Amino acid sequence: MSDTSNDPQRQAALAYHEFPKPGKLEIRATKPLANGRDLSRAYSPGVAEACLEIKADEANASRYTARGNLVAVVSNGSAVLGLGNIGALASKPVMEGKAVLFKNFANIDCFDIEVDESDPEKLADIVCALGPTFGAINLEDIKAPDCFIVEDICRKRMNIPVFHDDQHGTAIVVGAAATNALRVAGKSFEDIKIVSTGGGAAGIACLNMLLKLGVKRENVWLCDIHGLVYEGRTEDMNPQKAAFAQKSDLRALDDVIDGADLFLGLSGPRVLKPEMVAKMAARPIIFALANPTPEIMPDLAREVAPDAIIATGRSDFPNQVNNVLCFPFIFRGALDVGATEINDSMKIACVEGIAELARATTSAEAAAAYQGEELTFGADYLIPKPFDPRLVGVVSAAVAKAAMESGVATRPIDDLEDYVERLNQSVFKSALLMRPVFEAARTASRKIVFSEGEDERVLRAAQAILEETTEKPILIGRPEVVERRCERLGLTIRPGSDFDIVNPENDPRYRDYWETYHSITARKGVTPDIARAIMRTNTTAIGAVMVHRGEADSLICGAFGEFRWHLDYVNQVLGDETHSPHGALSLMIMEDGPLFIADTHVWSLPTPENLAMVAQGAARHARRFGVEPRIAFCSQSQFGNQREGSGKRLREAIALLDRLETNFEYEGEMNVDAALDPEICARLLPDSRLSGPANVLIFGHADAASATRNILKSKAGAIAVGPILMGMGNRAHIVTPSITARGLLNMAAIAGTPVDHYG
């Protein structure tokens, strides 16, 4: 065996698990424990009240404890994927990893529990004894047939969902992939012949799922390491295999593969040979799911069957059959309705939800995670990608609905649409805060022009705008390029029919545009020749002219290029006595709430007058998001302790505001920690005008504001919305090159809301 101790990938994996602290999980308190009062409620005597409520009604455990959102990942390490029977302790990194997936994909809390017990009945006894702690049990990496015994006992004795993911998770994803593969191939479950290799837990569960979807049992041919499972065979048999025994004289995989429509492999490497593929039916479906080496490599299969539809268990090939598409979301739905089990109806609902999602337009977030892949429904895109954020809403809701309809839900959900929205909010942290803005945008039909209309992010945002708002996107770009990219990206929108397009190379409005631009800039050094050239090449200037002429209501630009370059053209065309850029406001969506930061881009060294205008604009915009503004002017200076520098300018800005009739709270100049921590602020200035922590920070330098914005985005996990260009009456917004398609959609909603001319 070769020495891998110095292999860089191995060392990187070990370092990942060891640093900065060992393992991949930690327990964090959700309630404060800062003083004796907190302690008396968290523990004795206050905790007794919660205990008595649960004793009176066990359902209260989900109200007063974490049980309703807590899953146990239980294993004895007897069949760890790719590693075999490595034992309970050695399996712990895998189980920790599973718990991380639960948390990250579906916000489900998890304890990994590794049990050193090989007897399946004793293992089942241990799991059943854990019932009071958990809302559901995920059995993991337990060898067959022991896994069948453990799950069967636990399901009968426990009144919470028990789910062996190696079996049912794989079966659900295979069912979804098969549903769509048959649709692509023009075949049906009722008519196909299936040949399967591998009689383990996952293989048997997959076959049982395919039967539920309509496959006829007599059309299933199961093979294992000993060949065909046939009637009368005694070697290495169990009841689960015997259920698929064929009455046949054939014995080898090569004998039974002839005419097969679907090969299902959950066995080992290179089991399926190219010459076997050649014997399969036309347009064969090959699910070669062994890891890391599949039963046949896709390129070898396509050499003999170019039209084959292929799925593997690997992420470096299309159609990865990955359990993460299923288990977080089936548990999410089950927990949220207090299901007592995960039944067949819920599993089939999960299959249908996953399959349906793949047939829908690909989300921008999934496309961003899988750049370079064409995520358009077809032979190479049968199931969604694991990072598709729509999974939690679509699949969990389908499971919850099935649980309610099948009578196993103890806490039914009254409004499924609201439930889906809440699930989506858990993925898009911006959704809740953006809701008032999106609602306002739906009441007005505004035309939004995007200057970088050929950019993939803009195209995906345009699709989302048409789906989620009443706005009408206008894209500046070459029509043939835009159409080709929409098709390649799997988008359903097309220029001309779904949205208007301005072709800078050849547009019938070209003369009108350059003459308009020249009329605005003739006394600013712009000659007719320069105006003509700019209207052929400068898409920001073209978009600004469209807004000036009333052909669009708002311009969004800046997806590439420097902010102030775009600002110069926006101000040149759209600036007037009532419209001028007052500042750029960025909204940072944090785990504990929103935080607005200004001015991040417009004024490098703002004057007191600039700062006062920024504060007034920021207050107006904060209210658009349903946030009552509390503004802090932030500086190194603290309430006058430094006479010069930014503190002086901030004090003068506050004096200007004091002379105006304002309707928002503001305070300063102050350090950021005093702005965000009322206790610090009260200690330094007991009569502070802020009634709570500041939610708007205004800085005396753009460097400080921009740095704070980027640090929060990059290191604190904040979602950035904006920058919002204040003072232009919502007629233009300049984004930054790091913006995502989701960010552009947010900006379109902001641009789609009418505001007064100071907005």
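Only a predicted model underlies this, so the values are computations on that prediction, with no experimental measurement involved.

Some points on the nonpolar core
Counting 100 residues, the largest nonpolar core has Ile 137, Ile 172, Leu 210, Phe 287, Ile 330, Met 346 and Ile 354 as the members making the most contacts within it. Among the elements that make up this core, the one with the highest residue count is helix α8 (residues 165–185) (ten residues). Core analysis: the next-biggest nonpolar cluster, separate from the first, contains 58 residues, Ala 619, Leu 657, Tyr 666 and Ala 749 among them.

Looking at the pattern of salt bridges
Applying the stated criterion across every chain yields a total of 36 salt bridges. Between Asp 125 and Arg 157 there is a salt bridge, with its nearest N and O atoms 2.7 Å apart. Here Asp 125, found in helix α6 (residues 120–129), pairs with Arg 157, found in helix α7 (residues 146–157); they are 32 residues apart in sequence, far enough to count as distant. Residue classification places Asp 125 among the partly exposed residues on the basis of a relative accessible area of 39%. The partner of Glu 551 in a salt bridge is Arg 549, with the nearest N and O atoms 2.9 Å apart. By relative accessible area, Glu 551 is classed as partly exposed at 22%. Ionic contacts of the salt-bridge type, sharing partners, join the residues Asp 224, Arg 233, Asp 236 and Lys 241 into one network.

Regarding the sheet that holds strand β17 (residues 630–634)
Judged by pairing direction, the sheet is mixed, and its six strands sit side by side in the order β18-β17-β19-β16-β15-β20 without closing on themselves. For this open sheet the edge positions go to β18 (665–670) and β20 (719–726), each flanked by a neighbour on one side alone. Between one strand and the next, the sheet's axes are offset by a mean angle of 20°, whatever the strand orientation. Two elements, strand β16 (residues 593–598) and strand β19 (residues 696–699), share three bridges in a ladder whose sense is parallel. Bridge pairing in β19 links Ala 598 to Ile 698.

Section: the sheet that holds strand β2 (residues 109–114)
On the basis of which strands lie adjacent, the open sheet formed by four strands has the order β2-β1-β3-β4 and parallel pairing. Whereas interior strands pair on both sides, the edge strands pair on one side only; in this sheet they are β2 and β4 (162–164). Going from strand to strand, the sheet's axes swing by 20° on average, the running direction of each strand aside. Relative to β4, strand β3 (residues 136–139) runs parallel, the two sharing three bridges. Note on β4: the bridge partner recorded for Asn 138 is Phe 163. Of the strands in this sheet, β1 (70–75), β3 and β4 touch helix α14 (residues 327–336), which is tilted by about 160° from β3.

A short note on the packing of helix α22 (residues 510–521) against helix α25 (residues 563–574)
Remark: α22 packs on α25, axes separated minimally by 9 Å, with the N-to-C direction vectors making an angle of 85°. Looking at the two axes, α22 sits roughly perpendicular to α25. Side by side, α22 and α25 meet where Tyr 517, Ile 520 and Thr 521 of the first sit next to Tyr 569, Gln 572 and Val 573 of the second. Looking at the contact of α22 with α25 residue by residue, the classes come out as four nonpolar, two polar and no charged.

A word on the UniProt feature "binding site: a divalent metal cation" (unreviewed entry) in the protein
In the numbering used here, UniProt assigns the "binding site: a divalent metal cation" (unreviewed entry) feature to Glu 140, Asp 141, Asp 166 and Asn 291. Of note, Glu 140 is situated in the loop between β3 and α7. The class for Glu 140 is buried, based on a relative accessible area of 6%. Setting aside its immediate chain neighbours within four residues, Glu 140 contacts Val 73, Val 74, Ser 75, Met 95, Lys 98, His 164, Asp 165 and Asp 166. Here Asn 138 takes part through its side chain, which lies 2.9 Å from a polar atom of the side chain of Glu 140. Counting through the fold element by element, Asn 291 comes out in the loop between β9 (285–288) and α13 (298–304).

Calculation criteria
Going along each chain's sequence as written, the residues are numbered from 1 onward. The predicted origin of the model limits local features to residues at a pLDDT of at least 70 and limits the giving and counting of side-chain atom pairs to 80 or more, whereas totals for whole chains, interfaces and linings rest on all residues. Only hydrogens and water are removed before side-chain values are computed, so all heavy atoms of the structure are retained for them. We define the nonpolar core as a collection of buried residues of types Ala, Val, Leu, Ile, Met, Phe, Trp, Tyr and Cys that are connected through side-chain atoms lying within 4.5 Å of one another. The cut-offs for exposure are 20% and 50% of the maximum accessible area for each residue type, with area from a 1.4 Å probe on protein chains only; residues under the lower value are buried, those over the upper are exposed, and the others partly exposed. In DSSP terms, a helix is any run of H or I states spanning at least four residues, a strand is any run of E spanning at least two, and both are numbered starting from the N terminus. When a carboxyl oxygen of Asp or Glu is within 4 Å of a side-chain nitrogen of Lys or Arg, the pair counts as a salt bridge. Pairing between strands is defined by DSSP: at least two bridges between the two strands are required. Axis lines are fitted to C-alpha atoms, over the contacting stretch for helices. Their N-to-C directions set the angle, which ranges from 0 to 180 degrees. We call two residues contacting when some pair of their heavy atoms lies within 4.5 Å. In what follows, roughly perpendicular refers to angles from 65 to 115 degrees, roughly parallel to angles under 35, roughly antiparallel to angles over 145, and oblique to any angle outside these ranges. Each residue gets one label: Ala, Val, Leu, Ile, Met, Phe, Trp, Tyr, Cys and Pro are nonpolar, Asp, Glu, Lys and Arg are charged, and the others, such as Gly, are polar. UniProt positions are given in the numbering used here, feature names are shortened, and annotations may be inferred rather than shown by experiment. Polar contact criterion, stated in full: a pair of N or O atoms within 3.5 Å, where within protein one must be able to donate a hydrogen and the other to accept it, and residues adjacent in sequence count only if both atoms are side-chain atoms.

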